[in-house]
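Here is what each chain is made of, one letter per residue.
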Amino acid sequence: MVHRSWQVIDEGYIKFHSQLHQTPPPSEWVVEEVNTWRDRMYALGYIGAYEGGIGYGNISVKSDLLNEFIVTGSGTGTIPLLFPDHFTRVSSYSIDENSVVCEGRIDASSESMTHAAVYACAPDARAVIHIHSRKHWDALLNRIPTTSKSAAYGTPEMAREIKRLFDETDFREIRVMAMAGHEEGILSYGTSLEDAGRRLLEVLEGEYP
Ligand SMILES: [Zn+2]
């Protein structure tokens, strides 16, 4: 087992401290389930890569029994079809310490902290989908629960903003939110991946609110 820890630095901001433990990848059925929804999001351009190869969008699924989740790894937006090695298991996290512990062969997306915050606030949450869409972001910003413009991508501020949305808005009912401080960023969660995916598409297609 190899233990590594480092600081993830992006755009001059230290996002989080992550520890990567090398352990077996997630089971194939979990990967298959995620790929079913990821394929749809990828086909719609909601998960993918910008010109220049910067990937965007990610999906996580939480264990029923354990307080851990698997999330598509950092930079996988450029990859059309994911295999087990493209996932990372986040086995523990601390929003206050800005840290996550990951197990897998690939680094967790720096948005893992954002996913962790949703799971921490909503005990019934079993899946989180984060997508990018300029069109829908423009349309939904401040019309659905929206995190503050000052809360950037993958930061503890974003995690705290998610808690605020649960406390002060109807995010728990709508289950879809926009990120004012993360351009094009939209996130949904559900009691299953199917639930998170359907909910997201409903809101994007204008059925709600
Ligand atoms: Zn994003």
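Nothing here was measured: the structure is a model prediction, and the numbers come from that model. (Residues numbered from 1 in each chain as written. Predicted model: local features only at pLDDT ≥ 70, side-chain atom pairs only at ≥ 80, totals over all residues. Heavy atoms only, no water.)

Caption draft 1: How the structure looks around the nonpolar core. Counting 28 residues, the largest nonpolar core has M41, I129, I131, I186, L193 and L200 as its most contacted members. The set of elements that each furnish at least two residues to this core consists of helix 1 (28-43), strand 5 (58-62), strand 9 (127-132), helix 3 (134-140), strand 11 (176-179) and helix 6 (193-204). Per-element tally for this core: the top contributor is helix 6, with six residues. Counting residues in hydrophobic clusters, the runner-up holds 26 residues, among them V71, F166, M177 and Y189. (Core = buried A, V, L, I, M, F, W, Y, C linked by side-chain atoms within 4.5 Å. Buried < 20%, exposed > 50% of the residue type's maximum accessible area, 1.4 Å probe, protein only. Helix = DSSP H or I, 4+ residues; strand = E, 2+ residues; numbered from the N terminus.)

Caption draft 2: Seen up close, the packing of helix 1 against helix 6. It is at 10 Å that the axes of helix 1 and helix 6 come closest, and there the two elements cross at 10°. The orientation of helix 1 relative to helix 6 falls into the category roughly parallel. As for the relative orientation of helix 1 and helix 6, their crossing is left-handed in sense. Taking contact as the criterion, the partners of E33, V34, W37, R40 and M41 in helix 1 are, on helix 6, L193, E194, G197, R198, L200 and L201. (Axes fitted to C-alpha atoms, helices over the stretch in contact; angles between N-to-C directions. Parallel < 35°, antiparallel > 145°, perpendicular 65-115°, else oblique. Left-handed = near helix turned anticlockwise from the far one by under 90°. Contact = heavy atoms within 4.5 Å.)

Caption draft 3: Quick look at unusual backbone geometry. Positioned with a positive phi, N142 is a non-glycine residue whose angle comes to about 65°. Along the chain, N142 turns up in the loop between helix 3 and strand 10 (146-147). Residue N142 is classed as exposed on the basis of its relative accessible area of 64%.

Caption draft 4: The pattern of salt bridges, seen in detail. Scanning the model with the defined rule gives 11 salt bridges in all. The salt bridge involving R175 is made with D195; its shortest N-O contact spans 2.9 Å. Of the two residues, R175 sits in the loop between helix 5 (171-174) and strand 11 while D195 sits in helix 6, which places them 20 residues apart along the sequence. Residue R175 is classed as buried on the basis of its relative accessible area of 19%. Sharing partners across several salt bridges, the network here consists of R134, D138, E183 and E184. (Salt bridge = Lys/Arg side-chain N within 4 Å of Asp/Glu carboxyl O.)

Caption draft 5: The arrangement of the side chain of T114 in detail. When you line up the elements, T114 lands in helix 2 (residues 112-121). Among the residues examined, T114 registers a relative accessible area of 2% and is labelled buried. Leave out the neighbours within four places in its chain, and T114 touches G154, M158, I162, M179 and L187.

Caption draft 6: Just the confidence of the model for the protein, in detail. The predicted model of the protein averages 85 in pLDDT, with 85% of residues at 70 or higher. Ranking the elements of the protein by mean pLDDT puts strand 1 (residues 3-10) last, at 39, and strand 10 first, at 98. (pLDDT = per-residue confidence, 0-100.)

Caption draft 7: Examining the pairing of strand 6 (residues 69-72) more closely. Because side chains alternate across strand 6, one face comprises the buried residues F69 and V71, and the other comprises I70 and T72, equally buried. Sheet topology note: the strand 5/strand 6 ladder contains three bridges and is antiparallel. The residue bridging V61 from the neighbouring strand is I70, located in strand 6. Hairpin remark: strand 5 followed by strand 6, antiparallel, with six residues in the connecting loop. (Pairing = 2+ DSSP bridges.)

Caption draft 8: Looking closely at the packing of aromatic side chains. If you walk through the whole model with that rule in mind, you get six aromatic pairs. For the pair F69 and Y93, a centre-to-centre distance of 6.0 Å together with 50° between the ring planes defines the contact as tilted. Of this pair, F69 sits in strand 6 while Y93 sits in strand 7 (residues 87-94), and the two are 24 residues apart along the sequence. Here F69 and Y119 contribute two aromatic rings whose centre-to-centre distance is 5.0 Å and whose plane-to-plane angle is 40°, an arrangement assigned as tilted. Of this pair, F69 sits in strand 6 while Y119 sits in helix 2, and the two are 50 residues apart along the sequence. Across the pair, Y119 and F69 agree in class, each one buried. Site record: aromatic cluster; members linked through ring pairs are F69, Y93 and Y119. The ring of W37 carries R40 above its face, with NZ or CZ at 4.4 Å from the centroid. (Phe/Tyr/Trp six-rings, centres within 6.5 Å; stacked < 30°, edge-to-face > 60°. Lys NZ or Arg CZ within 6 Å of the ring centre and 35° of its normal.)

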